[in-house]
Amino acid sequence: MSAKTPGRLYGVGLGPGDPDLMTVAAVKAIASADVIAYHSARHGRSIARSIAAEHIREDHVEERLMYPLTVETTDHPGGYRGALDDFYEEAAARLAAHLDAGRTVAVLAEGDPLFYGSYQHMHKRLADRYDTTVIPGVTSVSAAAARLGEPLCEAEEVLTIIPGTLPEDELTARLAGTDSAVVMKLGRTFPTVRRALERAGRLDDARYVERAFMAGERTAVLSEVDPETVPYFSVAVLPSRIDAAAPESRETGGEVVVVGTGPAGAPWLTPESRGALVNADDLVGYTTYLDRVPALRPGQLRHGSDNKVESERAEFALDLARRGRRVAVVSGGDPGVFAMATAVLEVASEERYADVPVRVLPGVTAANAAAAAAGAPLGHDYATISLSDRLKPWEVIAERLRAAAGADLVLALYNPGSKSRTHQVAAARDLLLELRSPETPVVVARDVGGPEQSVRVVTLKTLEPSEVDMRTLLLIGSSQTRAVERGDGRTITWTPRRYPEA
């Protein structure tokens, strides 16, 4: 690395607006500087300079770095981003001239220099060439929490900081999937942020903070804020939900949300599903699936039960919802694929539960997870069949296997075997061998996404029933499914989307 030049660069965090919140280090850096630089809009005023004004001396050289535009259109050939990049390059060159002359340059930044700040663009262009010190400042996030007087996050809660400029769907997903949040950059984005909070089921929790520790400060319940009055220097806050209001104090009623957790827990949860789990007062489900859901917040109740009492579990959840509770019925995979959605909707169709809101949220299915781990065996038409004869006779299963095999569909076989059911896999294999080539690829996927994941590709003739249990899913290829060994020794499978005669 080349030797540093004599000049020294400071990125000085000034805090959210009140000069009393400047750190001692920030004041010392300004005092030691020869040049004070700050960004401003085209009107020439700078919030950063106003915060530090009492520490700027007459002998300081001031460099006002004036943005050529904010959100307007531009005729720059590189568009808005191109115009800004040119501005940052020119501004950095102006500061570099001072640094090359041996001067100390302090670039002022409201809040923290590296948190959504203009200084960071100078830092990326200059810090590798000059001795640089970044002095942190109190962020608007901390300032907003202080002004609300509510904990922002506690214990294992996750805090998410989100720019309000994201698309509404993305905002909704991120707000639904977190515990606490701060949404920055409101202003004209406020209506979109408000809709996203409502869609995520978090509007009632949201608070609003405007110009924290500045003149004109305001705090409010976000749902009561007039969008026409919201400036850029405002944030939406979802504070900690630990010790939040108990269900009995809610104005809204309860509901049941049937949540698909995917094949193996937290990594497979969609943001919407995680949000529903976090929002729930009660989690209801088969104990094995409940154990996959991490502890989400204190005070949340869990009601585990055996795998054979689906109707009773659904009734229990609906009764809780009638009492005003928000209930999440936890289901593995997708709740509509051999899982709890049917049981809940069947019971919810009874007259006594007619007024209980019920929603079903999708999840990653075991078939999709197994297929992805093996390649793309479900790339063409396929059928999903459960081999369990606990709820339907084997004769029906066999008839459906013959029909699907005769139609040359790939088969996803759920519930292939258990301790009490040991003959189904062998019976299905023998039946399919009458209609399919013995060399048909078969994916044997066990515990996909879990710690004991095992995905093997065998042939129909070598499929060994004794190696299949309740945690296994079988994917039986069609006449077109291919299995190829890769250079790393792994065998992948796929089913072409086009038939030869097509």
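So, how was this worked out
Residues numbered from 1 in each chain as written. Predicted model: local features only at pLDDT ≥ 70, side-chain atom pairs only at ≥ 80, totals over all residues. Heavy atoms only, no water. Helix = DSSP H or I, 4+ residues; strand = E, 2+ residues; numbered from the N terminus. Rg over C-alpha atoms; globule rule 2.2 N^0.38 Å. Buried < 20%, exposed > 50% of the residue type's maximum accessible area, 1.4 Å probe, protein only. Contact = heavy atoms within 4.5 Å. Areas by Shrake-Rupley, 256 points an atom, 1.4 Å probe, with all protein chains shown as cover. Lys, Arg positive; Asp, Glu negative; His and termini not counted. Charge placed at Lys NZ, Arg CZ, Asp CG, Glu CD. Pairing = 2+ DSSP bridges. Axes fitted to C-alpha atoms, helices over the stretch in contact; angles between N-to-C directions. Core = buried A, V, L, I, M, F, W, Y, C linked by side-chain atoms within 4.5 Å. Arc of directions from axis to C-beta.

**Re the overall build of the chain**
Assigned secondary structure in the chain consists of 14 helices and 23 strands. Its C-alpha atoms give the chain a radius of gyration of 30 Å, more than 25% over the compact-globule value 23 Å for 502 residues. Judged by the C-alpha coordinates and their principal axes, the chain covers about 95 × 60 × 40 Å. For the chain, with 502 residues in total, the buried portion stands at 47%. Expressed as a percentage of contacts within the chain between residues at least 6 apart in sequence, the contacts between residues at least 24 apart total 68%. Just so you have it, the chain exposes about 24,200 Å², and 50% of that area is on carbon and sulfur atoms. Looking at charge distribution, the chain has the averaged site of its 56 positive side-chain charges lying 3 Å from that of its 69 negative ones.

**Quick look at the sheet that holds strand 10 (residues 234–238)**
On the basis of which strands lie adjacent, the open sheet formed by 5 strands has the order 6-7-10-8-9 and mixed pairing. The sheet is open, and its two borders are formed by strand 6 (159–163) and strand 9 (218–221), each paired with just one other strand. Averaged over neighbouring strand pairs, the angle between their axes works out to 20° when direction is ignored. Contacts from helix 5 (residues 140–148) reach strand 6, strand 7 (180–184), strand 8 (207–210), strand 9 and strand 10, with the element oriented near 115° to strand 8. Sheet strands touched by helix 6 (residues 168–176): strand 6, strand 7 and strand 10. Its angle to strand 6, the strand with the most contacts, is close to 170°.

**Quick look at the nonpolar core**
By size, the foremost hydrophobic cluster in this structure holds 23 residues, and its most contacted members are Leu 401, Leu 411, Leu 413, Leu 463, Leu 474 and Ile 476. Going through the elements one at a time, strand 17 (382–386), helix 13 (394–406), strand 18 (410–414), helix 14 (424–433), strand 19 (441–446) and strand 21 (472–476) are the ones with two or more residues in this core. With 6 residues, helix 13 is the single largest residue contributor to this core. Filtering out sequence-adjacent residues up to four positions away, Leu 413 remains in contact with Ile 385, Leu 387, Leu 401, Leu 473, Leu 474 and Ile 476.

**Considerations on helix 11 (residues 340–348)**
Since the α-helix advances by 3.6 residues per turn, residues separated by three or four positions end up pointing in the same direction. Here helix 11 has its buried residues at Met 340, Ala 341, Ala 343, Val 344, Val 347 and Ala 348. Mapping the buried residues of helix 11 onto a view down its axis gives an arc of 165°, with all of them on the same face. When the buried face of helix 11 is taken as reference, the exposed residues oriented beyond 90 degrees from it are Thr 342 and Glu 346. Its buried side turned inward, helix 11 meets strand 11 (255–260), helix 10 (310–322), strand 14 (326–331) and strand 15 (358–361).

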